[in-house]
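Descriptive structure summary
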Amino acid sequence: CVYAVPNMESCDLNIKSNNSNHHTDRYGDQRLVVRRGQPFSVLLHLKPDFKLSETKSDTKACFGLGDSTVDTEWSASATADPSGNTVSVSISPPPTAPIGLYSLTLEQEGQKVKLGEFTLLFNAWCRGDAVYMRSETKRKEYVLAQHGLVYRGTHKRIKGTPWNYRQFDPDILDICLMILDSNPKFVSDADQDCSARRNPIYVTRVLSAMINSNDDRGVLVGEWHDYSDGVPPGRWIGSADILRQWAESGPVRYGQCWVFAAVACTVSRALGIPCRVVSNFGSAHDSDANLIIENLYDENGENISQSDSIWNFHVWVDSWMTRPDLGSEFDGWQTSDPTPQETSEGVFCCGPAPVRAIKEGELTKKYDAPFIFAEVNADVVDLVRLSDGQIVKFGGSTKSVGRFISTKAVGSEERHDITHQYKYPEGSPEERQVYEKAQHRNKLQQRGEEPGLHLKIKLAHDMIVGSDFEVFAVLTNNCMEARTCSFMFFAKTVSYNGKLGESCGFASQKVEVAPGEGHCCRIAASPSRGSASPRANPSPTGALTYLLCLLNRVFFTPRPTHVSRRIEDVGPRQEAKASLQFSPSRAGATVLLVNFDSDKLNNIKTRKSSFSTINPTLFISLSR
């Protein structure tokens, strides 16, 4: 591919050599396709004092030859041929660059000339890339393989159906980029969407939504009954025809789960994300998100369930990537499901959720872990509705969901059972423990709560500043097991300038809180009398959880500058009264403000509206 420009004999994008080095030679020699985090070279016949720039979707990065940059920036270096007529320019994209179509431009003496275009992909061969995969055998299977097997049937009769992914067909890569450019997020904010394409988590979630057409003009229309105006899902044998038809005329009729998954695999591999198609036998659809599939029957044995169901099989995809948003322990395979079943954040998509999070019941890890967990590990409950309306449980199973989870084996045509990656063996103590934890955390998530011990401070609603009051420490145990806790709970007054006063309340106790339960610790605080200093807690014995709660509540205590009337000492349970006469400065209704202060109780204010200025008398009564 040669371009003629001023002061340059030719520009060679070195497509054949670059594509071979970047494992993209199957895209052909008519276009430059490279992977991020790995340099590629172009040959220029010109003077070496120039700058190169790359632009993408209204974003631009300029870099000169020999620029010293960190590995998150673009860089370039040049090597001149001994004859001086040819310069080889090595361009290094960072391993975090957004994927997509780039334009390469030469700037020389104020003139800019487009040298050509290249497509940048994710790079499973680059250690700095989020999709890096150590095994070359697995890279060949999950990135480069164009043919595979998709498993269907029942758990007793599993059959592998051949599928042609054909991600390297000449026009497929452009169609995959078109899918990204058709998603609503790109339409809403193209620059933000393109910038987010540096993250395989984001790209995978976009694909999960765009492979189905429910919320947009995505690739496939789902249909499970009438195929008269389209192609029955069982007739498709590859992704290329589906993608080409979508590019020409919009959503393709029709697809079901294995078709959605296989097309998603094609697009993911084309963009450089390692991907595998996964089949789950006895797959649960938990519509009410309680991790239980409830089969409801009438007295005649007819199934009258309205929502939950179990499919003979269901197919989705796993994509390989790191999860810096969740922690390194959740790196690896991430499940996403492009079949439209339930909405996620208002859109028909699902995932990516770490397979490890599914196995361990960590259902607070995004995205959509509870739904995927239920697909492979929900419990089944059989119920009958009697004629009087009563619903009675008569059966169920903890083992019928999530069987023989399968994918094509690496480097062979065999079926690889990966059930152990998704769940512990059915009936094992670990599997039941995980299920109970998952149910617990699912309920917490639906209530907007987090696992662990949580402490809240509550004040009485009728609290009056400066007077005695009650404070409550409410402990909630959102753990799976009972916790023994030791409270030390005290209150102090504090002035408006942050200066702490005396302790005005203290409580200390040891309690055991059952899982899912709570405990309330009470302080009767008395700013007027104060209280003893906190006592030292006894030495801990056994497994105790210690909670130290410091309650700071501001009591504004500025001293008054003038006292109009002094009341003498008031003994216990005595009442003192004082009267004050004053002369108003003018006739008419007014507002009377009163400020009371003492050595034990201060900053007490009140008011009386519409106070008559004729014969005014004010009575102040203090009881102790």
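Presented here is an overview of the structure given in this document. Not measured: the values here are computed from a predicted model.

What follows concerns the overall build of the protein. Each helix and strand in the protein was counted, giving twelve helices and 32 strands. Residues counted as buried form 46% of the 624 residues belonging to the protein. Expressed as a percentage of contacts within the protein between residues at least 6 apart in sequence, the contacts between residues at least 24 apart total 63%. Summing over all exposed atoms, the protein offers an accessible surface of approximately 31,400 Å²; the carbon and sulfur share of this is 48%.

With that out of the way, let us pick up the sheet that holds strand β15 (residues 292-297). Sheet architecture is open: three strands sit in the order β15-β19-β20, paired in mixed fashion. Each edge of the sheet is formed by a strand with only one pairing partner; in this case those strands are β15 and β20 (391-397). On average, each strand axis in the sheet is tilted by 25° relative to the strand beside it, whichever way the strands run. Where β15 lies against strand β19 (residues 379-385), six bridges are found, and the strand directions are parallel.

The tally for this structure, following the rule as stated, stands at 19 salt bridges. The salt bridge involving Asp169 is made with Arg244; its shortest N-O contact spans 3.0 Å. Taken together, the positions of Asp169 in the loop between β11 (157-164) and α3 (172-182) and Arg244 in helix α7 (residues 240-249) put the pair 75 residues apart, joining distant regions of the chain. For Arg244, a relative accessible area of 23% translates into the label partly exposed. If you follow the salt bridges from partner to partner, you end up with Arg166, Asp169, Asp171, Asp241 and Arg244 in one network.

Cut-offs used in this document
- Residues numbered from 1 in each chain as written.
- Predicted model: local features only at pLDDT ≥ 70, side-chain atom pairs only at ≥ 80, totals over all residues.
- Heavy atoms only, no water.
- Helix = DSSP H or I, 4+ residues; strand = E, 2+ residues; numbered from the N terminus.
- Buried < 20%, exposed > 50% of the residue type's maximum accessible area, 1.4 Å probe, protein only.
- Contact = heavy atoms within 4.5 Å.
- Areas by Shrake-Rupley, 256 points an atom, 1.4 Å probe, with all protein chains shown as cover.
- Pairing = 2+ DSSP bridges.
- Axes fitted to C-alpha atoms, helices over the stretch in contact; angles between N-to-C directions.
- Salt bridge = Lys/Arg side-chain N within 4 Å of Asp/Glu carboxyl O.

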